[in-house]
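# A structural walkthrough
What follows is the residue order along each chain.
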Amino acid sequence: MTLRIGFAYNERSAEEAEPPSSAEEAEPPSSRAAPDRYAEWDEPATIAAVEAALRRRGDVVRLEATADFPQKLRETRPDIVFNIAEGLHGPNREAHVPAICEFYDIPYTGSDPLTLALALDKRRAKEIFRARDVPTPDWLVATPETLPRGEIPLPAVVKPLHEGSSMGIPDRALCVSEAQVRRRVGEIRELYRQPALVEAFLPGREFTVAILGNDAAARVLPIVEIRFDALPPGAAPIYGYEAKWLWDRPDAPLEIFTCPARLEPRLARAVEAAARGAFHALGCRDWARVDVRLDAHGAPHVIEVNPLPGILPDPEQNSCFPKAARAAGIGYDELIGRVLDVALERYGLPR
Ligand SMILES: Nc1ncnc2c1ncn2[C@@H]1O[C@H](COP(=O)(O)OP(=O)(O)O)[C@@H](O)[C@H]1O
Ligand SMILES: [Mg+2]
């Protein structure tokens, strides 16, 4: 019998397709108008590539995750939903599609609503890392009113509590003084209408770790290193908004990734252990990408978990999960197929 696959996604329309020329364009202050609010939605090319990969495995029904997603899902009742939808509204937006699938008792790929909502709340995620002994840098959460004096870890990276895709993390998110932190916390409130996470800056090497599979069978793909020496001179050593969306363009790609990362076996094992620890601590399923950075002593710490990892299909475009998969000899279509397979297996469904 042919597998019927529902494909859930959010697509960037043409007018949203171009990233703004600066991360902090003058915009009326409201989270709806934040200059980078569509950054996390997928481009038509990505959606077409995932769809093509899924077609090799069964019949595919597109279920764009817009307001009528529940009705469309209920009418189609696919055997499984392949989910890459980033969601529409609010801090729990990534959890909505999986929650609706659960409501109709329809299997879906990837993490469940709890994990997706947790991962998008960087503070809750860090609290769980701490409780589970997954190393993560010190932090505090603050609004302009509650920012304490004299207790701020410095230097610090200041970011919105509920964003991803480097939204709200421009070059000047790296703050070296309390005054800079104070200014940035105020800006985050203005633009994103949310508290800020003020996190101790990790000055060491940065890696991102793609994980595929479940439980003890979760497999770590070759580690990707992010090389800050590829950034323009004077740029802060962070993989923030400018690096991700402005300086790295299809016509002039930034040579910022090395995969597999060149790592001593002992350090590689430590980075993998931190990434695996974070994956399991948040209860990730099927796949996720974990951002890890070394502290001043060379010890790995987890920055965040991405349970809906970016998957740009074009190898020229720098997308870490497909890059790590390629380094393991897994092509794009095979990667999508494997995510589907581990999900089917998890539900006890035939492939
Ligand atoms: N505590 C930190 N120390 C050092 N660099 C950081 C820290 N937090 C974030 N960064 C830098 O900013 C980038 C984006 O931060 P991250 O928390 O991963 O946000 P996003 O969800 O937008 O990817 C990271 O890849 C890293 O380069
Ligand atoms: Mg990140």
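Residues numbered from 1 in each chain as written. Chains lettered and ligands numbered in written order. Predicted model: local features only at pLDDT ≥ 70, side-chain atom pairs only at ≥ 80, totals over all residues. Heavy atoms only, no water.

## Some words on the sheet that holds strand β3 (residues 80–83)
Quick note on the threshold: A strand pair is defined by DSSP finding two or more bridges across the two strands. Runs of H or I in DSSP of at least four residues are treated as helices and runs of E of at least two as strands, each being numbered from the N terminus. Axis angles are defined between N-to-C directions and span 0 to 180 degrees, where every axis is a line fitted to C-alpha atoms and, for a helix, only to the segment in contact.
Spatial ordering of the open sheet is given by β2-β1-β3, a layout of 3 strands whose pairing is parallel. The sheet is open, and its two edges are formed by β2 (59–64) and β3, each paired on a single side. Strand-to-strand, the axes of this sheet are offset by a mean angle of 30 degrees, without reference to chain direction. Sheet analysis places strand β1 (residues 4–9) next to β3, joined by 4 bridges and oriented parallel. Across the sheet, the residue bridging to phenylalanine 7 is phenylalanine 82, located in β3.

## Some remarks on the domain arrangement of the protein chain
Here is the rule we go by: An automatic or database domain assignment supplies the residue ranges for each domain. Only heavy atoms enter the contact rule, under which two residues are in contact if any of them lie within 4.5 Å. Put simply, buried area is the surface a 1.4 Å probe can reach on two separate parts but cannot reach once they are joined, added for both. What counts as a salt bridge is simple: a side-chain nitrogen of Lys or Arg found within 4 Å of a carboxyl oxygen of Asp or Glu. Definition of a polar contact: a pair of N or O atoms within 3.5 Å, with one able to donate and the other able to accept a hydrogen when the atoms are protein atoms, and with sequence-neighbouring residues admitted only if both atoms are side-chain atoms.
Segmentation of the protein chain into domains returns domain 1 (4–123 + 128–133 + 203–347) and domain 2 (135–200). Look at where the C-alpha atoms of domain 1 and domain 2 centre, and you get two points 23 Å apart. Tallying the contact residues gives 36 residues for domain 1 and 29 residues for domain 2. Summed over both sides, the interface between domain 1 and domain 2 buries roughly 2900 Å², with carbon and sulfur atoms accounting for 54% of that surface. Between domain 1 and domain 2 we count 2 salt bridges in total. As a salt-bridge pair, glutamate 163 and arginine 93 come within 3.2 Å of each other at their nearest N and O atoms. Applying the counting criterion to the domain 1 and domain 2 interface returns 13 residue pairs in polar contact (both at pLDDT 80 or more). Those elements that place two or more of their residues in the side of domain 1 that touches domain 2 are α6 (122–131), α8 (241–246) and β13 (300–306).

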